[in-house]
Structures are given as C-alpha cells and as structure tokens.
Amino acid sequence: MKRPLHSASVMPSRRGMLFGAAAAAAVPLSMLGRGQAVAQQDPMDHTTMAPGSASNHGGHAGFPSGSVPPGRAGFDPTAILRDFDKGTVSTLPDGRTLREWDITAYDRDIEIAPGVTFPGWTYNGRIPGPSLWAREGDALRIHFTNAGSHPHTIHFHGVHRAEMDGTAGIGAGSILPGQRFTYEFDAEPFGTHLYHCHQSPLAPHIAKGLYGAFIVEPKAGRPEADEMIMVMNGYNTDGGDDNEFYSVNGLPFHFMDHPVQVTKGQLVRIHLINILEYDPINSFHVHANFFHYYPTGTSLTPSEYTDTIMQAQGQRGILEMRFPHPGKYMFHAHKTEFAELGWMGFFEVSE
Ligand SMILES: [Cu+2]
C-alpha cells in the first residue's frame, strides 16, 4: 500500500531505481552496489546515509557485498545463530519449570550496512530480538517494558488465553510508553515459533524491528545437533512500500563476510523464521546439499527432502542437514533480488 507522501514522483520505488539505474549505466544488475540502489536522501528522514559511503567491494564471486562490522551495529548475527535465551529458571510449587525474561522495547538507530543507519524499534536493542527457548509445558512469564516512543505489544505465536495475546484492544492491549505488562502462558505447542509487536499500523511496527524467535522444544527433546536460529527480515530504509535490504539475523551480507562454521558430517538443525514485511514470500536455498524440512517444527517427521523452501510472512520451520564434504557453500534467498540486496551467505564446512 502506497503512502501518499511517497508517491512515485517523490520517492521512486527500489525496483524502479534499480532497473532505471541498471538501464542508464548499462551494467548487469548484479554489479550494482547498494549505494547506487538506495536513495541518498530521505525526505521523511527514515534513514540517513553518507553519500558514497556504502561499500561495493564485490569480493565474493562477483556478488556485491560489504557488511557492517557487528561492533558498529551493536549486535552480531553470528552470535544470534546459537544464542538460545532460556530465561531465568525456577521451579513452581507444582514442580513445573518457570522461565522468566525481561524484554524492553526501545528506539535505537542501527547501522545495518556500511553508512546506512536504520531508525529501528527494538526488543532489547537488537534486530531480531532475543530468541526465547522453552521446553513444552513450561510456565512462561515475559516482563515487558515499553521504553519506546510509541505504543507496542508482544504478540506470541502459540496457544494461550485471549488477554495474553498481545493484541491491541484485548486484555492489557497496547502497552503505552513508560508502561509495563507481564505476559504469562505455557509453552505449547512444541515447534519453531515467533513473537512480534501487534500494534497498528502493523506493518511498520513489525518492519521497524519488533520481532524475534520463540522456540518450544518437545518434552522428549530432539536428536543432538548443531542447532541454530535464522530470522529472515528486510529493511525499508526510504519510507516507501518495499525493502531496500534483506538479511538473516539482522545484518545484510553478514554471512558472506563471516561464514557459518559447521563440521563435516554433523547434524545441523536450523530454526528458520520469515518475518519479512512488504514482500509476500521469502525463500531459503542451500548449495550442493539437501535438507529435511519440518514445517513449523510441530512434527518429528519431515514433510519434504529438498534444497529450497519458501515461507510466507510469519511462516517458519526446521531444516536438518549434514554436509558431506568440506568447503564453502552458499545459502541465500532463491529470489535473486533479495539475495543481491543482502540475503546471502556461506556455510564453511571443516573436517
Ligand atoms: Cu509496536
């Protein structure tokens, strides 16, 4: 949906700019750096960008690349891969495990790509927010503080009572700036889920960065594996109706510069979540390998053996694979445009 301040005459769409620039310069799309693909000046001040500051060193087999150092962004997608936050654990009088987390929403400017600062809305200062991990049947309490500039909520995917749904207008509803609320429910069903803000207008409240993974482990567990989380997202940096950058775990091109380290023959389990706004479909493709896919992670029996899957917004699932050979293998959105705007990376397999 176009917003009136961003009509095509004021703010050309990313696609228009990309193809216009490509035609004018008569160079392949894949050779364009992101600096050329993104507006230099944003009348809505959604993003500030120093002219010519986006790097384009094209160092990866002809693909444009250049990720921002995690130290400058303030969080590290590689650390997020294996950062399962199990909360503060105690035991209830009935013997059940209680897990508690503190989550604070606040506004934070994040350098998502070299020279590109995104005015994010975050849970705990990072995009995606913390990846909450629980075992099926655990009691959960999420102590939410809104320290941001707008009303927010936390809406969990899972089974719970209406007043714990984090939906504006139901139960506590919108949590206003300065207010707190504790969401309380049980971890069910097992699977790979997510949480996100559910305040209107919904698209920007999600797209600004208010989302994260919510993993519920089956009671009996799963086979031992190198387990990781990949949250697929996008960044609308010009205030239009599409995205200018795409990533896994928050920083475009990060896994090109910092390949995911895995061991030959070891079972790798990826919790893959699509929280992309403004584009209807995202996808995941791995090179030179196949994986078993468990949609939503709610079954212990895979539905498919493939090398490519797609997810609509809010969909997620578990991928399980073993790499039989050492070396570097790409993984990326099979939508080439998303890949070239940041959603690509490498697995690096060692003996
Ligand atoms: Cu919100």
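(A) Spotlight on the overall build of the protein chain. Scanning the protein chain from N- to C-terminus turns up 7 helices and 22 strands. Restricting the contact set of the protein chain to residue pairs at least 6 apart, pairs at least 24 apart contribute 70%.

(B) The environment of glutamate 337, seen in detail. Tracing the sequence through the fold places glutamate 337 in helix H7 (residues 336-340). Separated by 91 residues in sequence, glutamate 337 and tyrosine 246 place their C-alpha atoms 9.3 Å apart.

(C) Molecular detail of the pairing of strand E11 (residues 211-217). When you tally the buried positions in E11, you get 6 out of 7 residues, the bulk of the element. The pairing of strand E6 (residues 131-135) with E11 spans 4 bridges and is classified as parallel. Of the residues in E11, the one forming a bridge with leucine 132 is phenylalanine 214. Where strand E10 (residues 191-196) lies against E11, 6 bridges are found, and the strand directions are antiparallel. Bridging across to E11, threonine 192 finds its partner in isoleucine 215.

(D) Here's a closer look at the nonpolar core. Within the largest apolar cluster, 81 residues are counted, with the highest numbers of intra-cluster contacts made by Ile112, Ile154, Met230, Val231, Met232, Ile275 and Trp343. At 6 residues, strand E12 (residues 226-235) tops the list of elements feeding residues into this core. Every residue in contact with isoleucine 112, bar those within four places of it in the chain, is listed here: Val68, Ala73, Phe118, Tyr235, Phe245, Leu251 and Pro252.

(E) Representation of the sheet that holds E10 in the model. Strand order across the open sheet formed by 5 strands is E2-E6-E11-E10-E8, with mixed pairing between neighbours. Across the chains shown, the open sheet's two edge strands, defined by having one partner strand only, are strand E2 (84-85) and strand E8 (155-156).

(F) Representation of the pairing of strand E15 (residues 268-274) in the model. Across the 7 residues that make up E15, a large majority, 7, are buried. The side-chain alternation of E15 yields two buried faces, one formed by Val268, Ile270, Leu272 and Asn274 and the other by Arg269, His271 and Ile273. With 7 bridges connecting them, E12 and E15 associate as parallel partners. Bridged to methionine 230 within E15 is leucine 272. Examined bridge by bridge, E15 and strand E20 (residues 316-321) share 6 bridges and lie antiparallel to one another. Its bridge partner being in E20, isoleucine 270 is matched across the sheet by leucine 319.

(G) The sheet that holds strand E19 (residues 308-312), seen in detail. Strand order in the open sheet made by the 5 strands is E14-E22-E21-E16-E19, with mixed pairing throughout. Each having just a single partner strand, strand E14 (260-263) and E19 make up the two edges of the open sheet. Looking at each pair of strands side by side, their axes are set apart by 25 degrees on average, direction ignored. As defined by bridge partners, strand E16 (residues 281-286) adjoins strand E21 (residues 327-332) across 2 bridges and the pair is classed as antiparallel. Bridging across to E21, histidine 285 finds its partner in histidine 332.

Conventions used here
Residues numbered from 1 in each chain as written. Predicted model: local features only at pLDDT ≥ 70, side-chain atom pairs only at ≥ 80, totals over all residues. Helix = DSSP H or I, 4+ residues; strand = E, 2+ residues; numbered from the N terminus. Contact = placed C-beta atoms within 7 Å. Buried ≥ 20, exposed ≤ 12 C-beta atoms within 10 Å, placed from the backbone. Pairing = 2+ DSSP bridges. Core = buried A, V, L, I, M, F, W, Y, C linked by C-beta atoms within 7 Å. Axes fitted to C-alpha atoms, helices over the stretch in contact; angles between N-to-C directions.

Note that every value here comes from positions in space, so none of it alone points to a role or purpose.
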